[in-house]
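Tertiary structure, described
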Amino acid sequence: MSTWPYPFLFAHRGGGDLAPENTLAGMIKAVETGFGAVEFDVKLTADDVCVLLHDDTLERTSDGFGAMASKRFAELSGIDAGSWKDPIYAGTPIPAFSDIGLYCVRNGLHANVEIKPCPGRELETGRLVAQDAALLWQGEAVPPLLSSFSYEALQAAVAEAPWLPVGWLIDEWEHDWRERLQTLEAVSLHCNQRLLNAQRVAEVRDAGYQLLAYTVNGPERALQLKNWGVSGVFTDALGVMRGVEGLE
Ligand code: G3P
Ligand code: MG
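The model shown is predicted, which means the values in this text are computed figures rather than measured ones.

About the cut-offs
- Residues numbered from 1 in each chain as written.
- Chains lettered and ligands numbered in written order.
- Predicted model: local features only at pLDDT ≥ 70, side-chain atom pairs only at ≥ 80, totals over all residues.
- Heavy atoms only, no water.
- Helix = DSSP H or I, 4+ residues; strand = E, 2+ residues; numbered from the N terminus.
- Rg over C-alpha atoms; globule rule 2.2 N^0.38 Å.
- Buried < 20%, exposed > 50% of the residue type's maximum accessible area, 1.4 Å probe, protein only.
- Areas by Shrake-Rupley, 256 points an atom, 1.4 Å probe, with all protein chains shown as cover.
- Lys, Arg positive; Asp, Glu negative; His and termini not counted.
- Charge placed at Lys NZ, Arg CZ, Asp CG, Glu CD.
- Pairing = 2+ DSSP bridges.
- Right-handed = clockwise from strand over helix to strand, strands pointing away.
- Near = heavy atom within 4 Å.
- Polar contact = N/O pair within 3.5 Å; in protein donor to acceptor, adjacent residues only side chain to side chain.
- Nonpolar A, V, L, I, M, F, W, Y, C, P; charged D, E, K, R; others polar.
- Donors = N, O, S within 2.8 Å, 3.2 Å for Na, K, Ca; no water.
- Core = buried A, V, L, I, M, F, W, Y, C linked by side-chain atoms within 4.5 Å.
- Contact = heavy atoms within 4.5 Å.

Helices and strands together make up the secondary structure of the protein chain, namely eight helices and nine strands. Computed over the C-alpha atoms, the radius of gyration of the protein chain is 17 Å, within 12% of the 18 Å expected from 2.2 N^0.38 for a compact globule of 248 residues. C-alpha extents for the protein chain along the principal axes are approximately 50 × 40 × 35 Å. Looking at the 248 residues of the protein chain, the share that counts as buried comes to 54%. Here the protein chain displays about 10,500 Å² of accessible surface, and carbon together with sulfur accounts for 50% of that area. Charged side chains of the protein chain number 19 positive and 34 negative; the gap between the two group centres comes to 2 Å.

Once that is clear, we can look at the pairing of strand β4 (residues 110-115). Here β4 lies mainly inside the structure; five of its six residues are buried. As paired elements, strand β2 (residues 37-44) and β4 share six bridges and run parallel to each other. Across the sheet, Val38 pairs through a bridge with Ala111, a residue of β4. Each parallel crossover has a hand, and the one from β4 via helix α3 (residues 122-136) to strand β5 (residues 145-148) is right-handed.

Every residue near ligand 1 is listed here: His12, Arg13, Glu39, Asp41, His54, Glu114, Lys116, Phe149, Leu169, Tyr214 and Phe234. At 2.9 Å, a side-chain N or O of Arg13 approaches an oxygen atom of ligand 1. Side-chain polar atom of Asp41 to an oxygen atom of ligand 1: 3.3 Å apart, as the coordinates give it. Burial of ligand 1 by the surrounding chains reaches 92%, relative to a free accessible area of 290 Å². For the shell around ligand 1, the per-class residue count stands at four nonpolar, two polar and five charged.

Further remarks concern the coordination of the magnesium ion (ligand 2). For the magnesium ion (ligand 2), the full set of protein donor atoms is Glu39 (OE), Asp41 (OD) and Glu114 (OE), at a range of 2.0 to 2.2 Å. Read from N- to C-terminus, the donor residues coordinating the magnesium ion (ligand 2) fall into the pattern E-x1-D-x72-E. Take Glu39 and Asp41: they sit in the same class, and that class is buried.

With that settled, consider the nonpolar core. Side chains that are nonpolar tend, in soluble globular proteins, to be buried together. Counting residues in hydrophobic clusters, the biggest one holds 62 residues, and the most contacted among them are Phe40 and Phe97. With six residues, α3 is the single largest residue contributor to this core. Once residues within four sequence positions are removed from consideration, Phe97 is found in contact with Phe40, Val42, Cys50, Val51, Leu52, Val113, Val129, Asp132, Ala133, Leu136 and Trp137. Residues Trp4, Tyr6, Phe10 and Leu145 belong to the second largest nonpolar core, which totals 10 residues.

Written out as structure tokens, the structure reads:
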């Protein structure tokens, strides 16, 4: 992409620490707090519906149980994905990607869609998330940015919708990052912030890629990363980061 269209601050998992992660309530909190961009995690149900969930299993973030890969979409209805965070969110459902995508488009909320496949489902998850994203954002000026730790999922996404921008996520420094980004025709590297120093940021930027960092919850570190050339950070600390001079 010729001009980077995304803001510096992305609300992590929807609403960061203000709302249950990966829910519509989180996206609403992000908008209410003045965020212009959100990151969220998408995987497949057993019957190939794209839904928002971080873990492979339901237990941590809902009153459901078992593996998402074993649940049909209809079986998710009635699952409470909000009470674990706070009783005021009781009844919050696990959302379909289509509903969250529509919310983002209608509210001008930029999205980083993290493709988070259940093990063994990398290719179909990449393909189907890209297919949904292409439809949901059809005709929009700014596309969603797709990312994944799974290189295979990203390759499948690119094959499905080559016009959507993609970024590769890493949690350990990968010495072949140049070749991998080039092969993928990626626009960005999304990196655990603890791996970054001024030199690494400069190398990635000099190679022509955007660099995004997760998860950054302190304004000082965010400003340091920005000064080094980082293009965006994912944060849980919505209330703290919003309004800090230099981070808008
Ligand atoms: O996409 C950035 C970040 O969300 C990656 O880590 O585990 O929070 O999905 P995780
Ligand atoms: Mg994520």
